[in-house]
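One-letter residues, chain by chain:
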Amino acid sequence: MREIWFVDGYNILGAGENKEGLSIDHARDRLADKLADFSGFTNIEIVLVYDGHHVKNNKGSETMVSGVRVVYTQAEETADQYIERQCALLSHERCTVRVATGDGMEQHMILGLGALRMSAKELIQTLRQAKKQRRQMQEKTRQKGYLFHHLDGETLEALERIRVPETGKETQ
């Protein structure tokens, strides 16, 4: 089943994802990269939403960054309003919707719309766990090597006969 996560970008950055004190542009890029990595590993659709409502005459924007949909809301629209509207639209579809935000009021609102909630700290922890799992899987793959390293001699001989048939004999 399709799964979509809406992430309130500035809320997540404010909850400790930018502990290093990076510039806001760099912090936004880094969050998008982490979410893209997570999305690629889990096959979960991610929509990263930032408030653009304080910018006069802002028409909003939506772009794809490494598979993550990044949305800047338009003037007079908050990230919360955008997320609530999307949750309401998706409530009639057969999919799982989750919202990551540290805003308690928003968490209650989206629960009423049928979406699941995730706190900012839970999201940060989930991203860390997924990265650790991915690294462990990569390490196991690296350690395993080639398939034929794990086959017994008899099986290797049978495969070799299939690969290089004896001369004068036809393979069936």
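Every chain begins its residue count from 1, and numbering advances along the sequence as written. Residues qualify for local features only when their pLDDT is at least 70, as the model is predicted, and side-chain atom pairs are given and counted only at 80 or more; totals for whole chains, interfaces and linings, by contrast, use all residues. Calculated side-chain values reflect all of the structure's heavy atoms, with hydrogen atoms and water omitted.

1. Focus on the sheet that holds strand 6 (residues 116–118)
Item 1. Strands are labelled as partners when DSSP assigns at least two bridges between them. Helix and strand definitions here come from DSSP, where helices need a minimum of 4 consecutive H or I residues and strands a minimum of 2 consecutive E residues; each element is numbered from the N-terminal end. If you walk across this open sheet you meet the six strands as 3-4-2-1-5-6, and the pairing is mixed. The sheet is open, and its two edges are formed by strand 3 (61–65) and strand 6, each paired on a single side. Averaged over all adjacent pairs, the angle separating strand axes in this sheet is 20°, with direction ignored.
Item 2. As defined by bridge partners, strand 3 adjoins strand 4 (residues 68–72) across five bridges and the pair is classed as antiparallel. Counted as the bridge partner of S61 is Y72 from strand 4. In this analysis, axes come from line fits to C-alpha atoms, helices being fitted only over the stretch in contact, and the angle between any two N-to-C directions falls in the range 0 to 180 degrees.

2. Re the environment of V65
Item 1. The residue V65 is located in strand 3 in this model.
Item 2. By relative accessible area, V65 is classed as partly exposed at 29%.
Item 3. When the C-alpha positions of V65 and A36 are compared, they lie 7.7 Å apart, and in sequence the two are 29 residues distant. Throughout this description, buried means an accessible area under 20% of the type-specific maximum (1.4 Å probe, protein chains only), exposed means over 50%, and partly exposed covers the range between.

3. Quick look at the nonpolar core
Item 1. Nine residue types can take part in a nonpolar core, namely buried Ala, Val, Leu, Ile, Met, Phe, Trp, Tyr and Cys, and a core is a set of them joined through side-chain atoms within 4.5 Å. If you look at the biggest cluster of nonpolar residues, it comprises 23 residues, and the most contacted ones within it are V7, I12, L35, I46, L48 and L123.
Item 2. The element best represented in this core is helix 2 (residues 24–42), accounting for six residues.
Item 3. By definition in these notes, contact holds between two residues if any of their heavy atoms fall within 4.5 Å. Beyond its immediate chain neighbours, meaning those up to four positions away, L123 contacts W5, V7, I12, L35, A100 and M118.
Item 4. Grouped together as the second largest cluster of nonpolar side chains are 15 residues, I4, V47, C87 and V99 included.

4. What to know about the environment of R134
Item 1. Structurally, the position occupied by R134 is in helix 5 (residues 120–144).
Item 2. What makes R134 buried here is its relative accessible area of 19%.
Item 3. Taking the C-alpha atoms as reference points, R134 and F41, separated by 93 residues in sequence, lie 7.2 Å from one another.
Item 4. Dropping the residues within four chain positions of it, R134 is found in contact with D37 and F41.

5. Some remarks on unusual backbone geometry
Glycine aside, the phi torsion of most residues is negative, and most peptide linkages are trans.
Item 1. Positive phi outside glycine occurs at N43, with the angle close to 65°.
Item 2. Its location among the elements puts N43 in the loop between helix 2 and strand 2 (45–50).
Item 3. The phi dihedral of E76 falls on the positive side, at around 70°, and the residue is not glycine.
Item 4. If you trace the backbone, E76 turns up in the loop between strand 4 and helix 3 (79–90).

6. Concerning the pattern of salt bridges
Item 1. The salt bridge definition used is simple: a Lys or Arg side-chain nitrogen within 4 Å of an Asp or Glu carboxyl oxygen. Following the criterion strictly, the structure yields nine salt bridges and no others.
Item 2. A salt bridge links D37 to R134; the nearest nitrogen and oxygen atoms lie 2.8 Å apart. Of this pair, D37 sits in helix 2 while R134 sits in helix 5, and the two are 97 residues apart along the sequence.
Item 3. A relative accessible area of 33% means that D37 is categorised as partly exposed.
Item 4. Taken together, the salt bridges that share partners define one network made up of R2, E45, E62, R69 and E93.

7. Quick notes on the pairing of strand 5 (residues 95–100)
Item 1. With five of its six residues buried, strand 5 lies for the most part within the structure.
Item 2. Summarising the sheet, strand 1 (residues 2–8) and strand 5 pair through six bridges and their orientation is parallel. Within strand 5, the position partnered with F6 by the bridge is V99.
Item 3. In this fold, strand 5 hands off to helix 4 (residues 104–112), which returns the chain to strand 6; that crossover is right-handed. Place the viewer so that the strands point away; then a crossover is right-handed whenever the path from the first strand over the helix to the second strand goes clockwise.

8. Section: the side chain of E106
Item 1. Examined against the element boundaries, E106 turns out to sit in helix 4.
Item 2. Nearest to the buried, unbridged E106 among oppositely charged side chains is R85, at 11 Å.
Item 3. When sequence neighbours within four positions are dropped, the list of residues in contact with E106 reads D80, I83, E84 and T101. In this tally, Asp and Glu contribute negative charge and Lys and Arg positive charge; neither His nor the terminal groups of the chain are included.

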